[in-house]
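Each chain, written out:
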Amino acid sequence: MNPASWALNYRVVTIVVSLVVLLAGIEAYLSLGRLEDPDFPLKQAVVVTPYPGATPEEVADEVTDPLEEAIQQLEQVDYVTSQSIAGRSTIKVFIRDQFGGDDLPQIWDELRRKVSAAAVELPPRAGPPRVNDDFGDVYGILLYIYGDGFDINDIHDFAKFLRDELLLVEGVGGVALQGEPREAIYLDFSPARLGALGADVRTLVNALEGQGSVAPAAAVDVGRQRLAVVPSGELDSVTAIRNLMVQTREGVMLRLGDIARVSRGFVDPPASILRFNDYRAIAVGVSTVAGGNVVEMGEAVQQRLDDLRQQTPVGIEFGVVSMQPKAVERAVAGFTLGLVESVVIVIGVLLLAMGLRAGLLIGGILLLTILGSFIVMKALAVDLQRISLGALIIALGMLVDNAIVVVEGIIAGSKQGLSRGEAGRRVVRQTAWPLLGATVIAVLAFAPIGLSPDSTGDYTGSLFTVIWVSLGLSWVFAVTSTPVFGSMFLRSPRREETGDPYAGPVFRAFRAFLERALAWRWLTVVVLLVLLATAVVGFGKAKQGFFPASARPQFMVDVWMRESTRIEAVDDRLRELAEWILTLEGVTAVATNAGSGALRFELTYSPEMSNASYGQLLVSVENDRIIDDLMAQIEQRLASHYPDARGWPWRMVLGPGGEAKIQARVRGPDPDTLRALGDQFETIMAADPYVKSIRTDWRQRTVRVNPIIDEAQAARYGITRRQVNQALQLAFDGVNVGLYRESNQLIPILMRSEADEVMSLNQLPDVL
């Protein structure tokens, strides 16, 4: 093949490939997934083990220690933390940084096996342990369902209906409810009446267990069919429980409703209390399927909500706490606009500096590089989110460097008398490998961020990926497409423009500056050192922080009441504070959560674990610019009006690491010494005006009542400590004696003494 034919074929192939990249890049951009923040794995799990009736010391010694010992045998575990409180053990498991998201499913399986094996050695009443590793579930759509004039039961019924409907929407991965009232069937009895009728607590328990348990039924063959034989008597309503027949010690048959008062109600105290703008509410969180497009899912959910308006009771409202699909759409649109603006600015500068044809040529190569990057991003499953789009904006200034060198070389060669094609081939031969080296160096500058093994690297990994993809493609297009299009579109210089290409006034001035700097080399070195020192000092005065605060128009307020405070008292404090916050200018809505944090509506948000003395307010505002001022007002209000509470407003940050910036862990065998050291830490940190939100995870000491059992008398009558605990539970909280099945719900049956028989601690001896 002669050189002319080869050049023609190469030109045709280049044009065809460029058109394919152009069209495929547009298609890839339109089909790329869209997220607000990049997805990254959370390398932690929680093991929760109930131990009803046990003291914190018993929980620590008999449950937490054995489970911790078993968990720490996993080589993937970095460290564990635990909290042992009355009746419950909570262990947090943290995985080493070198294990990635693909390793976690197997690690969680091994963790469950270790915990299951250790559970066999736990006390009989402890467990079973529950391993929760679903921290990656983000409920990007978080609605608070409320209604003026509706009680919580009506709202709960509608929330369950809404959950079932939204689960059928395409793209929805899961729907969770929070703030649901826990229902129970109560059997209120009088011990005196039981004794008078010849019955006792065990009689009632045996009757419920025998009638309420599920047992296999028989089957009988009838012709060609095999029919199940299911006897009647199932406890399918509260009335059926009331009509349950109980036999006394004397053989008398009585209805359970004649012995005890049977009613249906809510468990007291509730696990959590949610409100939206002071209305009692239930939260509905909607998550996206793995790898799904959150924007498309949001549109489908919104369409389904609109369709269900006719079935929504009049007065039921949806309070929006998080609508991630719209936020993602705005964020992606904002970043895309920034990308387009950056491209236009770069092309505009090139037009001014290099002329119309050269500027448009380099701009075209830049556009081709960006579209090619979208193609590779789709192949590598890199979504459009703030990190990947930000990486493209960062890379823009470097993406044109390779093409500028090649185009400038073609123009210079043309002025020296070469044809545009020959000039392009010469400049590629001379600069291809140096340009590749410079490109690799630029990519490696971002490698420490993207290749970091910790959660920061997981979050910013797409930054490094997009940088090396885009810069790599810029080099490829610079040495392949740029010479071809340069030979086609760059004009040949006029006769008067030929000669030395670097004889213009700009180049002459630059040459003179370099010669002067080389002549006064020591002065040049001193000036550079002064500039370096100035930069170092200035960098030290810049605000330090790897991730900036989020621009989300929302912030949180954590409120901690004294340990053992009833959840109703926490709810009252949150209502008072929310009512005042709603009067502040710029505040649009306030959602409160008493007893726990909210559902995880953003990946970087870490909700607080369940704690009755804790509450959180989610404050939505008109724009993020007023958040700092509002937080200062709220912090002052908390300090002046709520001496019985400790509270701190805070705003979310981008990326992982939203927890406390300074954490210290003190270990030792003596609890009193540890608590004293914790108090010293708090005192030292409180003296620093820049430190706030100071607390220890042990919290305050709590008062407890310790009935003294006469061991000799107890042994004489065969009374054990467990029986004493059960008697106390019957008197105050109630004892779970069975389950009532309603559709797919399992409602506990709680037996307790009638409220008017034991009213206060003064009557505690009567219980025992």
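You'll find the structure just up there.
Caption draft 1: Inspection of the sheet that holds strand β3 (residues 88–95) at higher detail. Taken in spatial order, the 4 strands line up as β2-β3-β1-β4 in an open sheet, and their pairing is antiparallel. Taken across any chain shown, the strands that pair with only one partner, and hence form the sheet edges, are β2 (77–85) and β4 (130–132). The sheet shows a mean angle of 20 degrees between the axes of neighbouring strands, taken without regard to direction. One ladder, built from 3 bridges, connects strand β1 (residues 44–50) with β4; its direction is antiparallel. Its bridge partner being in β4, V48 is matched across the sheet by R130. In the packing of helix α2 (residues 56–71) onto the sheet, contacts are made with β1, β2 and β3, and the angle to β2 comes to roughly 165 degrees.

Caption draft 2: How the structure looks around the packing of aromatic side chains. Under the definition given, this model contains 12 aromatic pairs. For the ring pair Y144 and F276, a centre distance of 6.2 Å and an interplane angle of 50 degrees mean the geometry is tilted. Remark: F276 occurs in strand β13 (residues 273–276) and Y144 occurs in strand β5 (residues 141–147); sequence separation between them is 132 residues. Of the two residues, Y144 and F276, neither departs from the other in class, the shared state being buried. An angle of 15 degrees between the planes, with centres 6.5 Å apart, marks the rings of Y605 and W650 as stacked. Note that Y605 is positioned in the loop between β17 (587–594) and β18 (614–621) and W650 in strand β19 (residues 645–650), a separation of 45 residues in sequence. Overall, the relative accessible area of 0% leaves Y605 in the buried class.

Caption draft 3: Summary view of the side chain of T465. With respect to the element layout, T465 can be found in helix α15 (residues 455–489). Sequence-distant contacts of T465, that is, excluding residues within four places in its chain, are made with L380 and V382.

Caption draft 4: Quick peek at the nonpolar core. One finds I145, L162, L166, V301 and F374 to be the most contacted residues of the largest nonpolar core, which totals 88 residues. Broken down by element, the residue count for this core peaks at 13 residues, all from α15. Beyond its immediate stretch of four places on either side in the chain, F374 contacts G25, A28, Y29, L32, L339, L384 and L392. Judged by nonpolar contacts, the second largest core, of 26 residues, contains V559, V587, V621 and I634.

Thresholds applied
- Residues numbered from 1 in each chain as written.
- Predicted model: local features only at pLDDT ≥ 70, side-chain atom pairs only at ≥ 80, totals over all residues.
- Heavy atoms only, no water.
- Pairing = 2+ DSSP bridges.
- Helix = DSSP H or I, 4+ residues; strand = E, 2+ residues; numbered from the N terminus.
- Axes fitted to C-alpha atoms, helices over the stretch in contact; angles between N-to-C directions.
- Contact = heavy atoms within 4.5 Å.
- Phe/Tyr/Trp six-rings, centres within 6.5 Å; stacked < 30°, edge-to-face > 60°.
- Buried < 20%, exposed > 50% of the residue type's maximum accessible area, 1.4 Å probe, protein only.
- Core = buried A, V, L, I, M, F, W, Y, C linked by side-chain atoms within 4.5 Å.

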